[in-house]
Amino acid sequence: MLKYTLKRILYSAIILFFVMFIIYVLMYNMPSGYVETKARELASRPGATKSYSEWLQDLNAQYGMDKGVVPGYLTWVKNAVRGNWGDSWSWTIPVTEEFHNTVWYSFILGLISFILEIVIAIPLGITAARKQYSFTDYFTTVVSMICISMPTFFLATILKYVFSVKLGWFDLSGMQGRNYMNLSSFGKFLDVAKHFVLPAITLTVINIGGLMRYTRTNMLEVLNSDYIRTARAKGVPEKKVINYHAFRNTLIPLVTTLGGSLPSLFAGALITETLFSIRGIGYASYSSMTQGDIPFIMFYLAFISILTLLGNLLSDLLYAVVDPRVRLS
Amino acid sequence: MASYDLNEELKKRKSTQTGAEKSLDDVSRVKVLSPSRKVFKRFIRNRLAVFGAVTLIALFLFSFAGPLFYPYGQKEIFYTFSKQNVNYALAKKNTAFNGYDTDDSIEVDTLVTTSMNSNIKKMLSDGTEEMTIPGDEGGWLIRMETPDIFTLSGVDLEKVADAGESTVKVGTYSMIGKEFTAEGDEIPGLAEAAADQIKGTSGSFEAGGVTYTFDKGAKPKTFDVFAQADGIIYEGKEPGGDFEKELGRAMEEGASSFETGGKSYVISKKGASASVYTVGEAKTAMVYTDLTLDTVKTGGSVPADFKAAALLAAAEGGGEFTSGGETYSILPDEDGDILMVQDASGEPFGEFGQYSVRRYSGEDTMDFDLKQAIAGKIDEMMDEGIQNGTLQAMIPTQNEDGSYSRDENGDFILNETEMKITQRLEGEYVINCDQINYVIDIYAPPSAKHPLGTDGDGFDVLARVMYGGRVSLMVGFVVVFIETFLGVIMGGIAGFFGGWVDNLIMRMVDIFYCLPMMPIMIILGSMMDALRMDTYVRLIIMMAALGLMGWAGVARLVRGQILSLREQEFMVATEATGIKVRARIFRHLVPNVLPQLIVTATMGLGGVILTESTLSFLGLGVKHPLATWGTIINSVSSASAMAHYAHIWIPVGLLICLTVIAFNFVGDGLRDAYDPKSKR
């Protein structure tokens, strides 16, 4: 197990190396003169501590722009491995600091919708599977399909239109109300929580469909398996068949997928956060991307690539943990 | 054996066994369906899949055939007549006097013409009727003919005397030599007095009953000494008689001229002193007025000499004048403010009025009667001392080009409106009214002409939705084709050959699988923004990038399928019979992977359409003039537009949803139809 894990980690590191290389090449080929413009802008900012040529030198050295693509990339990797991710161009603070400022909002938002998803989708999926081809089943299938097919921006716009414009219950966007500063600390908490309602609903609805379908599919498979038939044949009460025999086995794929998606809670919701102006990592990275903030983009992409690989690893490991039949080798 | 068709065989048997009783296990009771018929039959049994298929067919017809029958294009801009409250006109009371040459032979000094307005103002405030400006040769005479008309004439001036307090330089005193150099005649006793009393920088002293002043001279330590005289200093011969008495009286009264001894004199004042001239014959060189000539013909232009001749005639109290070989007459109206010009036949030609009424843009395109009405209303307002007034007037409507519409007789098409006149400054009035303009029809609500209304650029939304559907669907198909093409080749090679090839390709698949697609597309989009790329080029690059990033999944699927198929007996048979590698892959392996591929591709289409619309919504995909469903929603994504123009974005958003749902239903249905035992 340990050997397998170590092997997988090493293997993931190699994949990450190449993934980041592709992204670096993309970044390297940003429209020419970009570093120069940025350096000029940074140098002419009020309170700039470095001159244009110093900035230019600094930026070029930092990202290895003066070297070729490959040596430049190796420089970046060397710095990144040592934890030196540089200063963000658009946020003008170290990349890691901006990361700390934003990632927790994303995590909270992700966690809320993750819990909501599980609470709503799994029972619905199981119910649909139990009553296959019933009205409930069709209804669940159609609803989950609508959720899957709904573009995030359209759902967010509809929610804003109904709840912010027509009903006026929530603010259109942002994380804080108008008189946030005058509130007590509990009031501040409630205010932020209120602003998280619509984004959380959006994220939940977008993700709920997939989980619902997945649960239903797996439950159906389990219900069609021989041991369920055996259990029913020997007269086990239906309740017990479902809750004890079937549900436990459905949990195996569910736990592995959900466990695998745990790291992505930190990845932030790019579109949702941007649309609702939640200052999470997704929003920060979106504005960095549109402004060409190379250090932050490189950091963010490395971060989400690591999260993806970690998720895959976690899901494989969990599979072995949950299902005793699986032996990792 | 080669072409044994069970269905044909059954038909043959049926024809021979007509009418015979069939036993239960008779083989002719078995109806054999071809595999594709079987799939089709299973597919149409699935209600959701049929719904999806019908929706897709409808969407394709809508997007690809719809524009053929729909009258509008995607970039066709619509206009409408709209009532807008505009600053229609500006009425200004002229305060500046404009000059017109009446006699070109007299050259007027530019110094005189530039100071004309200030001189006229001074005359108006002093209440003098004449003003003389001495020049180098002769001089100039400004005469007020009426309070609105002034003439400027060239006159011969001969200086007779200086009167009042006058200062004459008498000499220069030098501190160094303590000597006095007189200018002109020496004045006895002055040199001594100067030596005694000149101290400091300036001052005055008296000597012999005359006051002298001194001031620093041109050279250092020298002083200019001036004699202060209060009286009359004659230039040449004294006119004698009552001249001094008359002059004194005129000066006291502040008159600008007087007559004595059969001669007339004019006084030109300069501070406390004045010069007296005899005036020769005056020749009118220019005529100045603050009136504006409005002709009855709208926007008619009149040469400057016409105005000059008319004003001269008016200065003489009205009468006939000629200009350009035609005879006109000018008459004052009852109040005397307005001068009416008539042509020879007595028809009104124009009027000189107090106000210059122009369109707000400064163009002189307004109707004569309207100008008159506005000027009249302003006078009324002035009399009543109010600052706002309203007026009913007819104004022309505008047509497509922004010019005025005319009917078949060439007359303006008028519509009645209420004009609001508001005083903005002293003597300046703004006239507002509702004007019917021909404007771009933006954000029109749904109507029979535009079922979904128009957007912010005046485009018909329904037309754009149709064309946008074309692009969105096309993007989906192209991307899925690229994905599938690359995926089948890479996956096929990996699965078929195995070994290090498989290993290499699968590692590439791992890498591409890990690439975060949305961020990379956003970065690409903003890069293309920075390069200001053409929207069609962007579209192609976007499709290529999406295709490149999506192949890994297909490759993984194909490889997995091939790995399992490779071990099956029929593949072993192909190898044993020595079929070529190419044929083995493409004739035997690929068709077996096809069902799975079709299902994945169908599901993938929905995903690509979602990605494309999200990118376009963010403004990083397809760009504005080209319509896609994402850009249409993007055009009304701002908070206020979103709130007001729900009739634009809701149908389009639902359409995106419907398309993706339809693709997913069809994909699901196909999967179930191909392999009923597979996972649902």
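Residues numbered from 1 in each chain as written. Chains lettered and ligands numbered in written order. Predicted model: local features only at pLDDT ≥ 70, side-chain atom pairs only at ≥ 80, totals over all residues.

Asks: Explain the overall build of chain A to me, please; I cannot follow it from the model alone.
Replies: For chain A, the helix and strand inventory stands at 14 helices and zero strands. The N-to-C order of helical and strand elements in chain A reads α-α-α-α-α-α-α-α-α-α-α-α-α-α. Put simply, chain A has 329 residues, and 39% of those count as buried. Pairs at least 24 residues apart make up 69% of the contacts formed inside chain A by residues separated by at least 6 positions. (Helix = DSSP H or I, 4+ residues; strand = E, 2+ residues; numbered from the N terminus. Buried ≥ 20, exposed ≤ 12 C-beta atoms within 10 Å, placed from the backbone. Contact = placed C-beta atoms within 7 Å.)

Asks: So what exactly am I meant to see when it comes to the sheet that holds strand β4 (residues 139-146) of chain B here?
Replies: The strands making up a sheet associate through hydrogen bonds between their backbones, and the pairing can be parallel or antiparallel. Residues and elements named next belong to chain B. Within the open sheet, the five strands sit side by side as β2-β15-β5-β4-β3. Their pairing is antiparallel. A strand with exactly one partner marks an edge of an open sheet, and here the two such strands are β2 (98-101) and β3 (130-134). On average, adjacent strands in this sheet sit at an angle of 25 degrees to one another, irrespective of strand direction. Sheet topology note: the β4/strand β5 (residues 149-155) ladder contains seven bridges and is antiparallel. Bridge pairing links Gly-139 to Val-155 in β5. Running at roughly 55 degrees to β4, helix α5 (residues 116-126) makes contact with β2, β3, β4, β5 and β15 (283-289) of the sheet. (Pairing = 2+ DSSP bridges. Axes fitted to C-alpha atoms, helices over the stretch in contact; angles between N-to-C directions.)

Asks: I'm lost on unusual backbone geometry in this one. Help?
Replies: Excluding glycine, a negative phi dihedral is what most residues carry, and trans is how most peptide bonds are arranged. Residues and elements named next belong to chain A. Non-glycine residue Tyr-133 carries a positive phi angle of around 65 degrees. Turning to its location among the elements, Tyr-133 is positioned in the loop between α5 (95-130) and α6 (135-149). For Ser-277, which is not glycine, the phi torsion reads 50 degrees and is therefore positive. Examined against the element boundaries, Ser-277 turns out to sit in the loop between α12 (270-276) and α13 (281-291).

Asks: I'm lost on helix α3 (residues 47-69) of chain B in this one. Help?
Replies: Side chains three or four residues apart in an α-helix point the same way, a direct result of the helix having 3.6 residues per turn. Residues and elements named next belong to chain B. Counted at 1.5 Å a residue, the expected span for α3 with its 23 residues is 33 Å, and the 31 Å between its end C-alpha atoms agrees. In α3, a bend of some 35 degrees at Ser-63 exceeds every other bend along the element, and Pro-67, a proline, comes one to four places later. When we look at burial in α3, the residues that qualify are Ala-49, Gly-52, Leu-56 and Ser-63. Residues of α3 that are buried in the fold lie against α2 (35-45), α10 (461-497) and α18 (646-674). (Expected span 1.5 Å × (residues − 1). Bend = angle between axes of the 7 residues up to and from the residue.)

Asks: Where do I start with the interface of chain B and chain A in this structure?
Replies: One frequent convention defines the size of an interface as the accessible area lost when the parts assemble. At the interface, 35 residues of chain B touch 38 residues of chain A. Those elements that place two or more of their residues in the side of chain B that touches chain A are α11 (499-514), α12 (517-530), α15 (581-617), α17 (639-644) and α18 of chain B. Broken down by element, the residue count for the side of chain B that touches chain A peaks at nine residues, all from α18 of chain B.

Asks: Just checking my understanding: could you explain the packing of α6 of chain A against helix α9 (residues 197-223) of chain A for this structure?
Replies: How two helices pack is summed up by the angle between their axes together with the distance between the axes. All names here are of chain A. Packing of α6 against α9 leaves a shortest axis separation of 7 Å and a crossing angle of 140 degrees. When the axes of α6 and α9 are compared, the pair comes out oblique. Considering the relative orientation of α6 and α9, their crossing is left-handed. On α9, the residues that touch Thr-140, Ser-144, Met-145, Cys-147 and Ile-148 of α6 are Val-205, Ile-206, Ile-208, Gly-209, Gly-210, Met-212, Arg-213 and Arg-216. Taken together, the residues that form the contact of α6 with α9 break down as seven nonpolar, four polar and two charged. (Parallel < 35°, antiparallel > 145°, perpendicular 65-115°, else oblique. Left-handed = near helix turned anticlockwise from the far one by under 90°. Nonpolar A, V, L, I, M, F, W, Y, C, P; charged D, E, K, R; others polar.)

Asks: Would you mind going over the packing of α2 of chain B against α18 of chain B with me for this structure?
Replies: All names here are of chain B. Here α2 crosses α18 at 130 degrees, and the two axes come no closer than 8 Å. Taken together, the axis directions place α2 and α18 in an arrangement best described as oblique. Considering the relative orientation of α2 and α18, their crossing is right-handed. On the side of α2, the interface is formed by Val-39, Arg-42 and Phe-43, while α18 contributes Gly-669, Leu-670, Asp-672, Ala-673 and Tyr-674.

Taken by themselves, the reported measurements are silent on function.
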